[in-house]
Amino acid sequence: MSVQDGSPTAFSEATLKAYLAQTPLLAQHFGGKIADLSVTEIGDGNLNFVFFVRGPDAALAIKQALPWSRMSKGARALGSNRLGFETRALQIFAEFAPQHVPHIYHYDEGNALMAQEFLTPHIILRKGLMAAQDYPLLGDHISTYLANCLYGSSGLGMAPSRRRALQADFARNIELCEITERLVFTHPFQTAASNRWSTPDLDAEVAALQANAALITRVQALKLGFLTQSEALLHGDLHSGSIMLTADQTQVIDPEFATFGPMGFDIGMLLGNLMLAYFAQPGHAGRPAYKAQTLRLVEQIWQEFARKFSDLAKADGWSTPLVQPLLSGVLADTIGYAAIEMIRRIIGAAHIAEFETIADAKLRVKCEKAALNHAVALLTHPAPDTIGILTAGL
Ligand code: SR1
Ligand code: MG
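Here is a short report on the structure shown in this document. (Residues numbered from 1 in each chain as written. Chains lettered and ligands numbered in written order. Predicted model: local features only at pLDDT ≥ 70, side-chain atom pairs only at ≥ 80, totals over all residues. Heavy atoms only, no water.)

### Considering the overall build of the protein
The criterion, for reference: We count a stretch as a helix when DSSP gives it H or I for four or more residues in a row; a strand needs E for two or more, and each element gets its number in order from the N terminus. We compute the radius of gyration over the C-alpha atoms and compare it with the globule rule, which gives 2.2 Å times the number of residues raised to the power 0.38. With a 1.4 Å probe rolled over the protein chains alone, any residue whose accessible area is under 20% of its type maximum counts as buried; one over 50% counts as exposed, and the rest are partly exposed. A contact between two residues is defined here by any heavy atoms of the two lying within 4.5 Å. In this count, Lys and Arg are taken as positive residues and Asp and Glu as negative ones, while His and the chain termini are left out. Here the site of a charge means atom NZ of a Lys, CZ of an Arg, CG of an Asp or CD of a Glu.
Along the backbone of the protein there are 15 helices and twelve strands. Taken against the 2.2 N^0.38 rule, which gives 21 Å for 394 residues, the C-alpha radius of gyration of the protein at 21 Å falls within 12% of a compact globule. Summarising its shape, the C-alpha atoms of the protein cover approximately 60 × 55 × 40 Å along the three principal directions. A buried classification covers 56% of the 394 residues belonging to the protein. In the protein, the share of contacts with a sequence separation of at least 24, taken over all contacts with a separation of at least 6, comes to 72%. Separation of charge centres in the protein, based on 31 positive and 37 negative side chains, amounts to 3 Å.

### Quick look at the environment of Ile124
Relative to the helices and strands, Ile124 is located in strand S8 (residues 123-124). By relative accessible area, which is 16% here, Ile124 ends up buried. In the structure, Ile124 is positioned 119 residues away from Ile243 in sequence and 5.8 Å away in space, judged by C-alpha atoms. Those residues in contact with Ile124 that lie beyond four places of it in its chain are Ser240, Gly241, Ile243, Met244, Leu245 and Ile253.

### Section: the nonpolar core
Note the following rule: Here, nonpolar core refers to any group of buried Ala, Val, Leu, Ile, Met, Phe, Trp, Tyr and Cys residues whose side-chain atoms link them within 4.5 Å.
One finds Tyr145, Phe305 and Phe355 to be the most contacted residues of the largest nonpolar core, which totals 99 residues. Setting aside residues no more than four positions away along its own chain, Phe305 makes contact with Ser143, Leu146, Ala147, Leu150, Ile267, Gln300, Leu327 and Val330. If you look at the next biggest cluster of nonpolar residues, it comprises 19 residues, including Leu26, Phe30, Leu60 and Ile62.

### Observations concerning the packing of helix H10 (residues 263-280) against helix H14 (residues 361-379)
Defined as follows: For helices, the fitted axis covers only the stretch in contact; all axes are lines through C-alpha atoms, and the angles between them, taken along N-to-C directions, range from 0 to 180 degrees. We call two directions roughly parallel when the angle between them is under 35 degrees, roughly antiparallel when it is over 145, roughly perpendicular when it lies between 65 and 115, and oblique otherwise. Two helices crossing with the near one rotated counterclockwise from the far one by less than a right angle form a left-handed crossing, whereas a clockwise rotation gives a right-handed crossing.
Taken N-terminus to C-terminus, the directions of H10 and H14 make an angle of 140°; their axes are 8 Å apart at the nearest point. On the basis of their axis angle, the class for H10 and H14 is oblique. H14 is crossed by H10, and the crossing has right-handed handedness. Residues Met275, Leu276, Phe279 and Ala280 of H10 form the contact with H14, whose participating residues are Cys367, Ala370, Ala371 and His374.

### Some remarks on the sheet that holds strand S10 (residues 243-245)
Condition: A pair of strands is treated as paired once DSSP finds two or more bridges between them.
Taken together, the three strands give an open sheet; going across it, the order is S8-S10-S11, and neighbouring strands pair in antiparallel fashion. In the strand order of this sheet, the two ends are held by S8 and strand S11 (250-252), each with one partner. Here two bridges tie S8 to S10, and the two strands are oriented antiparallel to one another. Among the inter-strand pairings, Ile123 is bridged to a residue of S10, identified as Leu245. Each of S10 and S11 is contacted by helix H5 (residues 138-152), which is oriented at about 35° to S11, the strand it contacts most.

### A word on the site of ligand 1
Note the cut-off: Whether a residue is near a molecule or strand depends on its heavy atoms: if one lies within 4 Å, it is near. We define a polar contact as two N or O atoms separated by no more than 3.5 Å, with the added condition that, inside protein, one atom must be a possible hydrogen donor and the other a possible acceptor, whereas residues neighbouring each other in sequence contribute only through side-chain atom pairs. Following the grouping adopted for this structure description, the nonpolar residues are Ala, Val, Leu, Ile, Met, Phe, Trp, Tyr, Cys and Pro, the charged ones are Asp, Glu, Lys and Arg, and the polar ones are all others, Gly among them.
Around ligand 1, the neighbouring residues are Asn46, Leu47, Met71, Leu183, Asp237, His239, Phe257, Arg344, Arg345 and Ala350. Taking Asn46, its side chain carries an N or O atom lying 2.6 Å from an oxygen atom of ligand 1. Within the side chain of Arg344, an N or O atom sits 2.8 Å from an oxygen atom of ligand 1. Taken together, the residues of the shell around ligand 1 break down into five nonpolar, two polar and three charged.

### Considering the pattern of salt bridges
Condition: Salt bridges are identified by distance alone: a Lys or Arg side-chain nitrogen within 4 Å of an Asp or Glu carboxyl oxygen.
Summed over all chains, the structure comprises 19 salt bridges. The partner of Arg182 in a salt bridge is Glu178, and the shortest N-O contact between them spans 2.8 Å. Of the two residues, Arg182 and Glu178 are both situated in helix H7 (residues 174-186); the distance of four residues between them amounts to about one turn of the helix. Given the relative accessible area of 13%, Arg182 is considered buried. Glu356 serves as the salt-bridge partner of Arg196, at 3.5 Å between the closest nitrogen and oxygen. In this pair, Arg196 sits in the loop between H7 and helix H8 (203-210) while Glu356 sits in helix H13 (residues 353-356), placing the two residues 160 residues apart along the sequence. Here the salt bridges share partners, and the residues they tie into one network are Lys63, Glu86 and Asp254.

### What about the sheet that holds strand S7 (residues 113-117)?
Reading across from one edge, S3-S4-S5-S7-S6 is the order of the five strands in this open sheet, with antiparallel pairing throughout. For this open sheet the edge positions go to strand S3 (38-41) and strand S6 (104-108), each flanked by a neighbour on one side alone. Neighbour-to-neighbour, the strand axes of the sheet open up by a mean angle of 20°, direction not taken into account. In terms of strand pairing, strand S5 (residues 59-64) meets S7 through five bridges, oriented antiparallel. Along S7, the bridge assignment pairs Leu60 with Glu117. In the packing of helix H3 (residues 82-96) onto the sheet, contacts are made with S5, S6 and S7, and the angle to S7 comes to roughly 30°.

### Quick look at the packing of H3 against helix H6 (residues 160-170)
Packing of H3 against H6 brings their axes to within 11 Å, and their N-to-C directions diverge by 150°. Judged by the angle between their axes, H3 and H6 are roughly antiparallel. With respect to the hand of their crossing, H3 and H6 are arranged in left-handed fashion. Across from Phe85, Arg88, Ala89, Ile92 and Glu95 in H3, the residues of H6 making contact are Arg162, Leu166, Asp169 and Phe170. A breakdown of the residues in the contact of H3 with H6 according to their chemical character gives five nonpolar, no polar and four charged.

### Here's the deal with helix H9 (residues 213-228)
Short version of the rule: Multiplying 1.5 Å by the residue count of a helix minus one yields the expected span of that helix.
If you check H9, its first and last C-alpha atoms are 22 Å apart, about what 16 residues at 1.5 Å a residue would give, namely 22 Å. Listed in full, the buried residues belonging to H9 are Leu215, Ile216, Val219, Leu222, Gly225 and Phe226. With a side-chain oxygen positioned 3.2 Å from the backbone nitrogen of Ala214, the residue opening H9 is Asn212.

Below is the structure:
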């Protein structure tokens, strides 16, 4: 067993195998052949450990949430209940977009452990974007996921009593929301010890954006929106590391930051990460046409999301004059949250592989500077009312 004194401790290969042997559903999954299993820790996220458990006939991905964040190497305490929020969010999203969510086999609160479908031969979207891989169905798939999940959990799509109960549940995802508030909305826009950037090359840009009153006001408005709006159940961390895919399958993983919030937060985080992939392409082995393709994907995702969301609302009898202005607000939010995501990944605490793996420091800074300047322009745009604003001038 892994629980000692009420708090979970890290599994080793031996203790995880013992756990699997003692858990009938999981032992059965592997046909009882526990001794034949191979266990490899494959997690590359900021919070959890992920074990790839493979047997002769079956495999599972097993996540464990220790009472601290992986990124802090144990220094920052964090409750272990995050996998409970993740499990419940995945179960809800599976109601709305079953084809885009992995199957959950088992959740054990005491051991802070969750077993889910091992996705193979899927890879993380972030890696696919760096390698300039083609994903012809991604725009269709992810816009369906977004429209179905955001509509389905919105006031338009979900029964009010169920929605109130879910809002109360996910409002308790306090620690992870606090991480977002701090690392996404607060620290990058002020002096903070956790911030880091390519210094001294970006020092002037960082000082200017932190002193830009119009930008700070816009960021604060978007932060307030995140804190107070309950438009839909959000994934809460929908960056390109939270999507696993092949050329014909797209799966959304890791919604441990799930909470009710503004719909544009999920869409904007995703589009912001695609924009970052665009700006980082010169540092990778991308084909020249791949940059233009990435920008088209950004526009396609918004356009198809808006069309699918409107269709769902129409089918439920909601009037178009109600839905259209609602979507205009979501679009303005989306552009704002995308820009904030771009900035925090360059000057905040949590950086991304697209830039971090560019070995040529001069080239990396050039890519980062272009992305930062673009994001600043987006946040100070007077009226972001078309998705073309996100990609304009590129
Ligand atoms: C301490 S967690 C840092 C970042 O990683 C997660 O994936 C979220 O994006 C968070 O902001
Ligand atoms: Mg994650």
